[in-house]
Amino acid sequence: MKSLLPLLLLAASSVFAQDLDAQKKNVVTIAEKNQVELRFDQPYAGNDNPKQKVDLYLPKKRNTDKPLPVVALIHGGGWVNGDRLGYAASAIQFARTGDYASVAVGYRLTKEAHWPSQIYDCKAAIRWIRAHAKEYNLDPNKIAVMGSSAGGHLSSLLGTSGDVKELEGDLGPSTAFSSRVQCVVNLCGPEDFTQALMFDKDEKPIAKDDAVSGLLGGTYEEKRTEALAASPVTYVTSDDPPFITFHGTADKRVAFLHAEAIHAALKQAGVPSLLVPITDGGHGSVGHPEVIARAKIFIGNTLRGEDTPVDVTPIPALPEKKK
């Protein structure tokens, strides 16, 4: 399966130069070749907002008749860009195994809605999965969440705020269901907005960050209350689900200290947490094939009761492509 990842990623990235219909047709073609059934544009918020929908990926050949665990995938893009189709490759890769269903989650971007709309949307999407578990033969008690960058932030927040009523929202028809998840794969997500995401060449924090200001409504210094409220580290408690965090040690967009912050907070609370540094890796280094390979082992251990040791030795970053 690992050998197919570059091909799938290439296919998924190339479609974004085309219009939406062409993108979807391309994804459908890839899914069909991999024996994956697609259910695009499932609304979770009780409206027709195209961002407040999920795409469901189901294996045509399941390895069991029992309900399948689910991997929910949350895209990045600085909370202002990106689309759930960006995770089509990973969604297909999980579903094609026959061991999982996968769900690519859309959410409102900051040009449409400020914090906390993004986490309201993601929690509503998790509730949608549980509300439709019986219909699609999914296991409502085995949901993993995985995301990169802004998606890593939202995935982490889903993991740590399962008991925080203020972040639940009241979106959609499925509010009676839980928004808790059973494990988190965090790829270079911002974890503590009371600290800068970026630093200058002299290691001084850069307060002016358009992505953060777009989310919080101002800089982290100006919006201290919002910064605390949006930080996954704020809500860490002993009943949080297991985490694994992958982060480049040379990440200039989201400093490595954010990975260290969430890992330390979780460990202090007694929550199982693994941290895998990507040595000399930048913000895009989490695309390394070894990351998805280790993430799959972690998810398999947590959701499927497997007992395979997860390698936490640092992953050497791949050489950057010359422009």
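Relevant structure appears above.
Student: Even after reading the chapter, I still don't get the nonpolar core, so can you show me in this structure?
Tutor: If you look at soluble globular proteins, the nonpolar side chains tend to sit buried side by side. Core analysis: the largest hydrophobic core is formed by 57 residues, its most contacted members being Ile-129 and Phe-193. Here this core takes seven residues from helix H4 (residues 117-131), the largest share from any one element. Residues contacting Ile-129, with those up to four places away along its chain left out, are Val-70, Ala-72, Val-103, Leu-138 and Ile-143. Judged by nonpolar contacts, the second largest core, of 37 residues, contains Phe-40, Met-146, Leu-187 and Ile-292.

Student: What am I meant to see in the pairing of strand S4 (residues 101-105) here?
Tutor: Successive residues of a regular strand alternate their side chains across the two faces of the sheet. With respect to burial, S4 is a largely interior element, five of its five residues being buried. Side-chain alternation along S4 places Ala-101, Val-103 and Val-105 on one buried face and Ser-102 and Ala-104 on a second face that is also buried. Across five bridges, strand S3 (residues 68-74) lies against S4 in parallel orientation. Considered in S4, the bridge of Ala-72 is made with Val-103. With helix H3 (residues 88-95) bridging S3 and its parallel neighbour S4, the resulting β-α-β unit is right-handed.

Student: Looking at this model, I keep getting lost on unusual backbone geometry. Mind explaining?
Tutor: What is expected of a backbone is that most residues other than glycine have negative phi and most peptide bonds are trans. A cis amide bond, omega 5 degrees, links Trp-115 with the succeeding residue Pro-116. Although it is not a glycine, Asn-137 adopts a positive phi angle of roughly 55 degrees. Tracing the sequence through the fold places Asn-137 in the loop between helix H5 (133-136) and strand S5 (138-148). Positive phi, normally seen in glycine, also occurs at Asp-280, with a value near 60 degrees. Positionally, Asp-280 belongs in the loop between strand S8 (273-279) and helix H10 (289-304).

Student: Is there a simple way to explain empty space enclosed by the protein in this structure?
Tutor: Rolled over the atoms, a probe sized like a water molecule indicates the empty space that remains. Counting across every chain of the model gives one cavity of 30 Å³ or more. Taken as a whole, the largest cavity holds about 40 Å³ of empty space. Every residue lining the largest cavity is listed: Gln-195, Ala-196, Leu-197, Ile-206, Asp-209, Val-212 and Tyr-220. A breakdown of the residues in the lining of the largest cavity according to their chemical character gives five nonpolar, one polar and one charged.

Student: Help me understand the sheet that holds strand S1 (residues 36-43), please; the structure alone is not making it clear to me.
Tutor: If you walk across this open sheet you meet the nine strands as S1-S2-S4-S3-S5-S6-S7-S8-S9, and the pairing is mixed. Both outer strands of the open sheet, S1 and strand S9 (315-316), are each paired with one neighbouring strand and no more. In the packing of helix H9 (residues 257-268) onto the sheet, the strands contacted are strand S6 (183-187), strand S7 (243-248) and S8, and the crossing angle to S8 comes to about 160 degrees.

The rules behind these values
- Residues numbered from 1 in each chain as written.
- Predicted model: local features only at pLDDT ≥ 70, side-chain atom pairs only at ≥ 80, totals over all residues.
- Heavy atoms only, no water.
- Core = buried A, V, L, I, M, F, W, Y, C linked by side-chain atoms within 4.5 Å.
- Buried < 20%, exposed > 50% of the residue type's maximum accessible area, 1.4 Å probe, protein only.
- Helix = DSSP H or I, 4+ residues; strand = E, 2+ residues; numbered from the N terminus.
- Contact = heavy atoms within 4.5 Å.
- Pairing = 2+ DSSP bridges.
- Right-handed = clockwise from strand over helix to strand, strands pointing away.
- 1 Å grid on protein atoms, 1.4 Å probe; cavity = no way out; pocket = protein on both sides within 12 Å on 5 of 7 lines; lining within 4 Å.
- Points joined across faces, edges and corners; volume = space filled by probe spheres on them.
- Nonpolar A, V, L, I, M, F, W, Y, C, P; charged D, E, K, R; others polar.
- Axes fitted to C-alpha atoms, helices over the stretch in contact; angles between N-to-C directions.

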